Amino acid sequence: MKDKDCIFCKIAAGEIPSATLYEDDDFRVILDLGPASKGHALIIPKEHYRNLYDIDDEVAAKAIVLAKKMVNKMKDVLGCDGYNIVQNNEETAGQTVFHFHMHMIPRYKGDNVGLGWHTGELTDEVKNEILEKMK
Ligand code: 5GP
Ligand code: ZN
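Keep in mind the model is a prediction, meaning the values are calculated, not measured.

Student: Give a detailed account of the coordination of the zinc ion (ligand 2), specifying residues and quantitative values.
Tutor: Each protein donor to the zinc ion (ligand 2) is listed here as Cys6 (SG), Cys9 (SG), His48 (ND1) and His99 (ND1); together their distances run 2.0 to 2.3 Å. Angles of 103 to 117° at the metal separate the four donor atoms of the zinc ion (ligand 2), which places the site in the tetrahedral class. All donors of the zinc ion (ligand 2) come from a single chain, and their spacing in sequence reads C-x2-C-x38-H-x50-H. With Cys9 in helix α1 (residues 7-13) and His48 in the loop between β3 (41-45) and α2 (57-78), this pair connects stretches of sequence that are 39 residues apart.

Structure representation (C-alpha cells):
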C-alpha cells in the first residue's frame, strides 16, 4: 500500500529525487537531509507502514538484515568508529515522518551526537507491576 500524501512513499518510489545509496524491490536507502553525523542514512520500505506497530513481519525482518549489510559496508567507506540504529515510533518518541524508517547513524570518536538518556533505577514495585501485566 502507498499513501498519496506521504513524502517517504514518494521518495521510496523515486518520484522525489534522493541521494540513494541502495535500492531493491522492497527498500530504498537514502542519505538523511538533516544528518546527525556524516553518513547518516535512512532505510525506507517501499510499502507504506506508519511505524513498527503495524509493519509487515517479513519487511521488518528484511529491514534489520539490510541494516547489517549497509553498516558493514558504510563503516569501511566512512571510517567511522561505531553505529547507532535508531527507529522512532510516534511523536512522543521523536517520529516526525509517519512512514516506517530506520536511522543508521555513524559515530565518530569525540562527536557530539546527542543520543542517550539519564539512567534511572528499576524498583521492585515497577518491575513486579510490569512482569505481572505482561503475563
Ligand atoms: P524521524 O524523526 O521521523 O525518526 O526521522 C525523520 C528523518 O527524515 C529526519 O532525520 C529528517 O532529517 C529526515 N527527512 C525528512 N524529510 C526528508 C526528505 O525529504 N529527504 C531526506 N533525505 N530526509 C528527510
Ligand atoms: Zn508512506
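Student: Which residues make up the site of ligand 1, and what values go with them?
Tutor: Within the structure, ligand 1 sits among 16 residues, and Asp32, Asn88, Gly94, Thr96 and His103 are positioned closest to it. Between ligand 1 and Thr96, the relevant distance is 2.7 Å, taken from an oxygen atom to a main-chain nitrogen or oxygen of the residue. Burial of ligand 1 by the protein amounts to 81% of the accessible area it has alone, namely 530 Å². Broken down by secondary-structure element, the contributors of at least two residues to the shell around ligand 1 are α1 and β2 (27-31). Here the shell around ligand 1 gets three residues from one element, more than from any other, and that element is α1. Class assignment for the residues of the shell around ligand 1 results in eight nonpolar, seven polar and one charged.

Student: Describe the pattern of salt bridges, and please don't skip the residues or the numbers.
Tutor: Evaluation of the coordinates by the stated rule reveals 12 salt bridges. Where Glu23 meets Arg28, a salt bridge forms, and the shortest distance between an N and an O atom there is 3.2 Å. When its relative accessible area of 42% is taken as the criterion, Glu23 is described as partly exposed. The partner of Lys135 in a salt bridge is Glu132, with the nearest N and O atoms 3.2 Å apart. We note that Lys135, like Glu132, is exposed.

Student: An account of the environment of Gly116 is requested, with residue identities and associated values reported.
Tutor: Among the secondary structure elements, Gly116 is positioned in the loop between β5 (102-107) and α3 (124-133). Residue Gly116 is classed as exposed on the basis of its relative accessible area, which comes to 61%. Between the alpha carbons of Gly116 and Asp81 there is a distance of 17 Å; along the sequence they are 35 residues apart.

Definitions and cut-offs
Residues numbered from 1 in each chain as written. Chains lettered and ligands numbered in written order. Predicted model: local features only at pLDDT ≥ 70, side-chain atom pairs only at ≥ 80, totals over all residues. Heavy atoms only, no water. Donors = N, O, S within 2.8 Å, 3.2 Å for Na, K, Ca; no water. Tetrahedral: all angles 85-135°; square planar, octahedral: opposite > 155°, others 65-115°. Helix = DSSP H or I, 4+ residues; strand = E, 2+ residues; numbered from the N terminus. Near = heavy atom within 4 Å. Polar contact = N/O pair within 3.5 Å; in protein donor to acceptor, adjacent residues only side chain to side chain. Areas by Shrake-Rupley, 256 points an atom, 1.4 Å probe, with all protein chains shown as cover. Nonpolar A, V, L, I, M, F, W, Y, C, P; charged D, E, K, R; others polar. Salt bridge = Lys/Arg side-chain N within 4 Å of Asp/Glu carboxyl O. Buried < 20%, exposed > 50% of the residue type's maximum accessible area, 1.4 Å probe, protein only.

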